[in-house]
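# Breakdown of the fold
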Amino acid sequence: IIDGLATVDYDKCTGCGACIKACPRNIISRVPFKAERMLAVACSNKDSGVEVRKVCTVGCIGCRACTKFSKLLSVTDNIADINYEDYEPEVVDAEEGDAAINKCPMEALLYVGKPSEKDLAAVAEEELPERIEGKFETTADKADWRG
């Protein structure tokens with residue numbers, strides 16, 4: 001868990017599915033890797049777009065914008081879905097994936113796995129920013145306690 005988000009260490013992942021079974025909120029799913037890098041939907045919220053926007057800044061709102069760029073993408077139960085049966089990494093990486101990612105208003109689509117040479121070259125000159133620590137508070141943190 002990194003900053004409250006389940007994050008996969010792809011060097012250690014064996015694909016056993018134990019994390020899927022252990023997740024109490026059922027928000028982890030397995031992407032069938034056909035390549036070292038795959039397009040994925042980084043959201044599992046099936047609420048309507050209006051409800052998602054109330055609680056999340058990167059959740060899929062089911063707008064269908066991504067479906068205009070790839071025949072592999074569809075929207076089911078208010079969330080983008082990828083047809084991995086017909087997934088061809090060369091086509092997705094070269095043509096469809098980047099266009100769908102760039103059109104997603106909530107940035108809910110991303111590549112998972114190892115970065116491509118193109119991705120590494122694009123950030124080779126960048127310096128890492130100083131790490132920013134999140135401030136996590138709950139309503140209990142603000143409550144007046146008596147006793």
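Our subject is the structure listed above.
We now turn to the structure provided with this report. Small disclaimer: the values here were computed from a predicted structure and weren't measured.

Of note, Asn78 is a non-glycine position whose phi angle comes to about 70°, a positive value. Within the fold, Asn78 resides in the loop between strand S2 (73–76) and strand S3 (79–82). Taking relative accessible area as the criterion, Asn78 reaches 36% and is therefore assigned partly exposed. One non-glycine residue with positive phi stands out, namely Glu107, at about 60°. Counting through the fold element by element, Glu107 comes out in the loop between helix H3 (89–103) and strand S4 (109–113).

For the coordinates displayed, the defined rule picks out five salt bridges. With a closest N to O distance of 3.2 Å, Lys54 and Glu51 form a salt bridge. One end of the pair is Lys54 and the other is Glu51, both in helix H2 (residues 49–55) and three residues apart, which spans about a single turn. On the accessibility criterion, Lys54 (60% relative accessible area) is exposed. Judged by its relative accessible area of 36%, Glu51 is partly exposed. Between Glu96 and Lys71 there is a salt bridge, with its nearest N and O atoms 3.6 Å apart. Of this pair, Glu96 sits in helix H3 while Lys71 sits in the loop between H2 and S2; the two residues are 25 residues apart in sequence, bridging distant segments of the chain. Residue classification places Glu96 among the buried positions, given a relative accessible area of 11%.

What counts, and where the lines are drawn
- Residues numbered from 1 in each chain as written.
- Predicted model: local features only at pLDDT ≥ 70, side-chain atom pairs only at ≥ 80, totals over all residues.
- Heavy atoms only, no water.
- Helix = DSSP H or I, 4+ residues; strand = E, 2+ residues; numbered from the N terminus.
- Buried < 20%, exposed > 50% of the residue type's maximum accessible area, 1.4 Å probe, protein only.
- Salt bridge = Lys/Arg side-chain N within 4 Å of Asp/Glu carboxyl O.

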